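# Fold and geometry: a report
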Amino acid sequence: MAARDIIGFCILIALVLVMPHAVGNDYYIGVLIFAAFNCLACIGLSLLMGYAGQISLGHGAFIAIGAYASGLLTTELGWSPWTAMAAGAFAAMGIAFIVGIPALRLKGHYLAMATLGFASIIHIVAVAATDITGGPAGVLNIPRLSLFGYRLDSDTRYYYFAWTAVVIGLYLAFNLIHSRVGRGLRAIHGSEDAAGAAGINTAAYKVQVFVVSAAYASVSGSLYAYYVNYIDPGPFDVMHSVLLVTMVAVGGLHHVWGAVVGAVLLSLLPEVLSFTAGYLQVIGIQYRPDYDILVYGGILLVIMLFLPEGLFAGMIAGGKSVWNLVKRVIRGKQVVRE
Amino acid sequence: MSGNNSILQLDGLRKVFGGVVALDGLCLSVGENTITSVIGPNGAGKTTVFNLITGYLAPSSGAMIYKNTRLQGTKPHKIALLGIGRTFQNVRTFPDMTVLENVMVGRHARSRAGVTVSALLPAFLRPEEKRIQAEAGSWLDFVGLADAADMPAGSLPLGKQRMLEVARALAIEPDLLLLDEPASGLNSRETIAMGDLIHRIRENRITVMLVEHDMELVMEVSDRVAVMNFGRLVAEGTPREVQEDPEVIAAYLGE
Amino acid sequence: MEIGLTTDMLQFLFMGIQRGAIYAMVAMGFNMIYNATGIINFAQGEFVVLGGLMMVSMTMALNLSLVFAFMVSVAFVTVVGILMERLTINPVRRPTVLRLIIITIAVSILLKGAAMCFWGKGSHYMRHFTDAPPLEIMGAYILPQTLWIIGMLALVVIGYVAFFNYTMTGKCMRACAINRDAARLAGINDRRMVMLSFALSAAIGAIAGIIITPIIQMDYARGALLGLKGFGAAVVGGLGNSMGAVVAGLLLGIIEAGSGGYISSHYMDAIALVIMLGVLFVRPGGLFGSSEMVRLKEF
Ligand SMILES: Nc1ncnc2c1ncn2[C@@H]1O[C@H](COP(=O)(O)OP(=O)(O)OP(=O)(O)O)[C@@H](O)[C@H]1O
Ligand SMILES: [Mg+2]
């Protein structure tokens with residue numbers, strides 16, 4: 001792990017610790033918990049898209065698989081939530097493996113559409129297979145998680161737990177990136193032919209990272225199910241898969257931190273908008289929550305057109321230029337003094 | 001010094017793209033620990049030969065035998081593991097990775113850490129990672145790029161990118177190295193350095209197969225020269241023999 | 001009935017053709033842009049939705065005549081397509097596939113959002129083009145609107161063939177599709193061809209939306225699934241091959257309707273997608289292209 005990343009970790013952990021006191025309201029803590037779920041899924045997706053260069057518009061399906069496995073195995077079969085979560089992750093990985101082998105032979109637009117089709121099929125099945133998934137009515141009474149005898153039954157507890165999961169997920173992702181495997185993935189992104197000539201089994205690597213990213217998504221789905229205690233197919237439609245990709249893209253594809261930044265910012269966006277709506281009303285603009293989707297699409301479009309490296313890269317560049325400015329000002333003063 | 005045992009044998013190699021016959025029954029033998037150049041006009045099928053040997057394309061018919069192993073139907077990464085390294089006519093470095101990382105990728109074939117271990121243990125707890133870095137560094141030294149180790153590969157000038165590609169190919173510890181026009185786009189000083197590098201590679205007991213349009217370089221470094229035209233071998237011999245061959249002169253000056 | 005064609009089957013056939021005609025037109029829209037740019041336009045389904053909703057407003061709210069409303073709706077969506085190309089595709093200097101995909105996704109989100117804000121979340125009723133009762137053919141019924149749909153598809157196909165084979169602009173577009181650099185050297189303005197492809201693609205999408213709306217009652221959120229199934233038809237027919245897309249679209253529609261009738265209506269929507277995945281995985285060049293040509297392409 002590079003020094004930069006360690007600084008990043010420290011900032012993240014500090015923020016995670018400070019936020020509950022800063023917002024001090026259960027509703028916003030809930031929002032931050034959802035942000036953690038998105039973060040986790042986006043970290044996995046970033047490994048796939050940013051590092052290996054393979055797009056997936058189907059990760060909502062793996063979130064659904066994790067959520068449904070957790071929901072069904074605990075309520076129907078009485079499994080412990082932890083076992084159910086592990087089972088969900090393995091199921092998601094197995095399905096990712098089976099789908100990934102033929103799908104990842106495709107590239108670019110073809111891969112995007114194939115994964116989108118896959119997600120759509122999973123969603124249709126979740127709605128239609130009423131005797132297994134409960135259909136549109138969903139699964140009720142999913143138990144809460146317990147950790148070391150503590151029931152994670154308050155929002156604050158679950159908040160710390162979910163963000164700990166994010167930190168662990170990040171730690172694993174960074175290790176992976178700075179390893180032989182991570183280099184292999186980046187090499188595939190750079191040039192598949194050259195990667196093959198260096199002895200990298202490109203097909204197998206792509207499937208492996210797809211499987212890993214599916215595991216991230218699945219765990220995120222399980223954590224979601226244990227938090228809301230109720231799931232239905234609604235949140236797992238193709239739009240959710242698309243949203244995950246947009247989070248990673250808005251934050252920046254070239255770095256896992258980008259996925260974190262993108263996931264958090266876009267998860268908070270609706271709250272920010274409803275917050276500003278009050279002020280807009282003062283100046284006579286009626287803002288309706290319906291407009292959120294327009295703002296969302298607009299942000300995505302503007303960033304892709306003008307800041308294709310993403311917000312994280314933009315923040316770094318901005319930070320650097322501010323720092324240079326500060327340095328110049330200081331140095332300028334010295335010159336004057338001399 | 002050129003041994004008589006061949007390391008690679010191409011037998012009746014044929015490759016058809018749609019209607020285009022790129023290789024038309026090519027037979028060629030590459031002697032162990034030699035520098036064998038393959039020359040021929042544009043479109044003669046030289047790159048196609050490399051792509052067949054390294055598994056990027058499947059031959060329409062014919063056989064390729066490397067140290068008693070048949071290469072047909074073997075995937076590129078397996079061929080790299082067998083000990084055949086290559087560079088590409090259009091440089092293919094990994095532009096967003098550093099120069100050192102590019103060569104570390106080459107060590108992939110000779111290291112083993114998988115996903116689980118890599119994810120669980122940070123790099124400083126994995127001795128293999130240290131080793132990969134050291135070995136990659138020494139190959140960078142070998143080609144003379146040690147100074148640039150931490151630069152992004154994409155920012156290097158073309159000449160250095162070609163050197164880097166050679167270093168990466170050497171890092172897999174090949175017994176046979178295929179170089180596809182390593183001097184194209186290089187200035188004369190860089191070309192001399194490349195020639196020198198090719199000599200030093202052979203001193204490391206690595207067989208080199210070279211495709212190159214720069215005749216001075218070819219004649220200077222090669223033990224054997226094979227001349228192709230229209231997917232066939234037109235002549236084969238020492239540089240001097242080939243230079244005097246009337247068929248070669250015809251192929252180059254055109255009909 | 002001795003020939004084995006039961007009334008049921010005939011009924012499903014009619015239904016399938018009606019659905020399939022829409023998929024075929026959506027697929028043609030995909031192909032048009034794909035051929036000109038290599039881009040899969042994720043906003044293709046939104047063109048269909050916009051066409052349908054615009055037609056609803058023109059006929060039901062403004063009470064315009066069918067023909068006039070049709071022309072206004074198509075023109076409106078065509079302008080949207082042109083704006084999309086000018087504002088979001090044309091300015092991109094260093095396009096990567098991922099960036100282009102996300103840009104068209106962003107446009108689709110914007111169009112969908114705009115449709116929701118303007119037309120609301122409900123579905124919209126629109127009267128059929130003709131008021132006649134369904135026709136009975138061998139015990140099965142066919143809606144006059146279905147005949148309209150079939151007729152429109154035929155018109156679009158004829159127009160398509162005529163445009164690409166007999167007009168100079170069409171021929172230039174084909175040249176661009178085959179080899180952009182060569183076409184540019186021959187003096188063809190390839191950037192304008194890209195814009196034109198978006199315009200035509202949007203127009204075809206709008207037509208599809210307009211003619212299907214009386215049957216499905218359009219709402220703002222239908223774009224994704226319509227787009228995806230249309231893409232399925234494009235893939236099955238071989239991406240870029242519009243006549244293949246027409247056949248594949250009809251085929252998908254018929255299979256879908258049949259499986260909805262005979263297997264399960266709940267899973268009906270998944271059938272076309274499963275077929276699409278099957279073709280993508282096994283024969284990504286489509287069912288109709290020669291395998292020789294297909295092998296030379298990258299997927
Ligand atoms: N992937 C491919 N698809 C179709 N045709 C190909 C392909 N690769 C090569 N060819 C054709 O095969 C013939 C031989 O090409 P090849 O690249 O092997 O030539 P070359 O000898 O390397 O030429 P150059 O000196 O220009 O590099 C050419 O006619 C070329 O157009
Ligand atoms: Mg060549």
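Just above sits the structure.
An account of the accompanying structure is given in this report. Numbers given to residues run from 1 along each chain, matching the order in which its sequence is written. Chain letters and ligand numbers both follow the written order, the letters beginning at A and the numbers at 1. For this predicted model, a pLDDT threshold of at least 70 governs which residues receive local features, and a threshold of 80 or more governs which side-chain atom pairs are given and counted, while totals over whole chains, interfaces and linings are taken from all residues. Note that water and hydrogens are dropped before the side-chain values are worked out from all heavy atoms of the structure.

## Comments concerning the nonpolar core
- In these notes, a set of buried Ala, Val, Leu, Ile, Met, Phe, Trp, Tyr and Cys residues joined through side-chain atoms within 4.5 Å is what counts as a nonpolar core. With a 1.4 Å probe rolled over the protein chains alone, any residue whose accessible area is under 20% of its type maximum counts as buried; one over 50% counts as exposed, and the rest are partly exposed. Grouped together as the largest cluster of nonpolar side chains are 223 residues, with contacts concentrated most on Tyr158 and Trp163 of chain A.
- A run of H or I in DSSP counts as a helix once it spans at least four residues, and a run of E counts as a strand once it spans at least two, with each numbered from the N terminus. With 16 residues, the single largest contributor to this core is helix α2 (residues 26-51) of chain A.
- Throughout, a residue-residue contact means that at least one pair of heavy atoms, one from each residue, lies within 4.5 Å. Leaving out residues up to four positions away in the same chain, tryptophan 163 of chain A has contacts with Leu12, Val16, Leu32, Ala35, Ala36, Cys39 and Val264 of chain A.
- Counting residues in each nonpolar core, the second largest holds 36 residues, with Leu145, Ala148, Ala183 and Leu197 of chain B among its members.

## With respect to the interface of chain A and chain B
- Each partner contributes residues to the interface: chain A has 26 residues there, and chain B has 34 residues.
- Two parts placed together each lose some accessible area under a 1.4 Å probe, and the buried area is that loss summed for both. Counting each side, the surface lost to burial between chain A and chain B is near 2500 Å², with a carbon and sulfur contribution of 59%.
- Salt bridges are identified by distance alone: a Lys or Arg side-chain nitrogen within 4 Å of an Asp or Glu carboxyl oxygen. Seen at the junction of chain A and chain B, the total is three salt bridges.
- We note a salt bridge from arginine 92 of chain B to aspartate 193 of chain A, for which the minimum N-O separation is 2.8 Å.
- Two N or O atoms form a polar contact when they lie within 3.5 Å of each other; inside protein one atom must be a possible hydrogen donor and the other a possible acceptor, and for residues adjacent in sequence the pair counts only when both atoms belong to side chains. Connecting chain A to chain B are 14 residue pairs in polar contact (both at pLDDT 80 or more).
- Any residue that is not Ala, Val, Leu, Ile, Met, Phe, Trp, Tyr, Cys, Pro, Asp, Glu, Lys or Arg is counted as polar, Gly included; the first ten are nonpolar and the last four charged. A per-class count over the side of chain A that touches chain B returns twelve nonpolar, ten polar and four charged.

## Points about helix α3 (residues 59-75) of chain A
- For α3 of chain A, with 17 residues, the first-to-last C-alpha span of 24 Å sits near the 24 Å given by 1.5 Å per residue.
- Among the 17 residues in α3 of chain A, 16 count as buried, and that is most of the element. Each residue after the first adds 1.5 Å to the expected span of a helix.

## Topic: the coordination of the magnesium ion (ligand 2)
Residue and element names in this part refer to chain B.
- Nitrogen, oxygen and sulfur within 2.8 Å of a metal are treated as its donors, or within 3.2 Å for sodium, potassium and calcium (Na, K, Ca); water is not counted, so a site can appear incomplete. Every protein donor of the magnesium ion (ligand 2) is listed here as Thr47 (OG1) and Gln89 (OE1), and their distances to the metal cover 1.8 to 2.1 Å. Here threonine 47 is found in helix α1 (residues 46-53), whereas its partner glutamine 89 is found in the loop between β6 (84-86) and α3 (99-106), with 42 residues between them in sequence.
- Taking the relative accessible area as the measure of exposure, threonine 47 reaches 24% and is therefore partly exposed.

## A closer look at the packing of helix α3 (residues 66-89) of chain C against helix α4 (residues 97-119) of chain C
Residue and element names in this part refer to chain C.
- Taken N-terminus to C-terminus, the directions of α3 and α4 make an angle of 135 degrees; their axes are 11 Å apart at the nearest point. Looking at the two axes, α3 sits oblique to α4. The hand of the α3/α4 crossing is right-handed. Contacts between α3 and α4 pair Val80, Met84, Thr88 and Ile89 from the former with Ile103, Thr104, Val107 and Leu111 from the latter.
- Within the contact of α3 with α4, the residues separate by chemical class into six nonpolar, two polar and no charged. As a rule, the C-alpha atoms of each element are fitted with a line to give its axis, helices using only the stretch in contact, and angles between N-to-C directions run from 0 to 180 degrees. By the definition adopted for this analysis, an angle is roughly parallel if under 35 degrees, roughly antiparallel if over 145, roughly perpendicular if from 65 to 115, and oblique otherwise. What makes a crossing left-handed is the near helix being turned counterclockwise from the far one by less than a right angle; a clockwise turn instead makes it right-handed.

## A few points about the interface of chain C and chain A
- Taken together, the contact between chain C and chain A spans 44 residues of the former and 43 residues of the latter.
- Aspartate 290 of chain A serves as the salt-bridge partner of lysine 121 of chain C, at 3.6 Å between the closest nitrogen and oxygen.
- Our enumeration of links across chain C and chain A arrives at five residue pairs in polar contact (both at pLDDT 80 or more).
- Where the side of chain C that touches chain A is concerned, the elements lending two or more residues are α1 (7-37), α3, α4, α9 (223-236) and α11 (268-282) of chain C.
- Here the element with the most residues in the side of chain C that touches chain A is α4 of chain C; it accounts for 16 residues.

## Considerations on the pattern of salt bridges
Residues and elements named next belong to chain B.
- Throughout the structure, instances matching the rule amount to 24 salt bridges over all chains.
- Lysine 67 serves as the salt-bridge partner of aspartate 175, at 2.4 Å between the closest nitrogen and oxygen. Separated by 108 residues along the polypeptide, aspartate 175 in the loop between α6 (158-171) and β7 (176-180) and lysine 67 in the loop between β4 (61-66) and β5 (69-70) bring together distant segments of the chain.
- For the salt bridge of glutamate 135 with arginine 107, the shortest nitrogen-to-oxygen distance reads 2.9 Å. You can see glutamate 135 sitting in helix α5 (residues 127-143) and its partner arginine 107 sitting in the loop between α3 and α4 (115-120), a full 28 residues away along the chain.
- Overall, glutamate 135 belongs to the partly exposed group, its relative accessible area being 26%.
- Arginine 107 sits in the buried class, given a relative accessible area of 4%.

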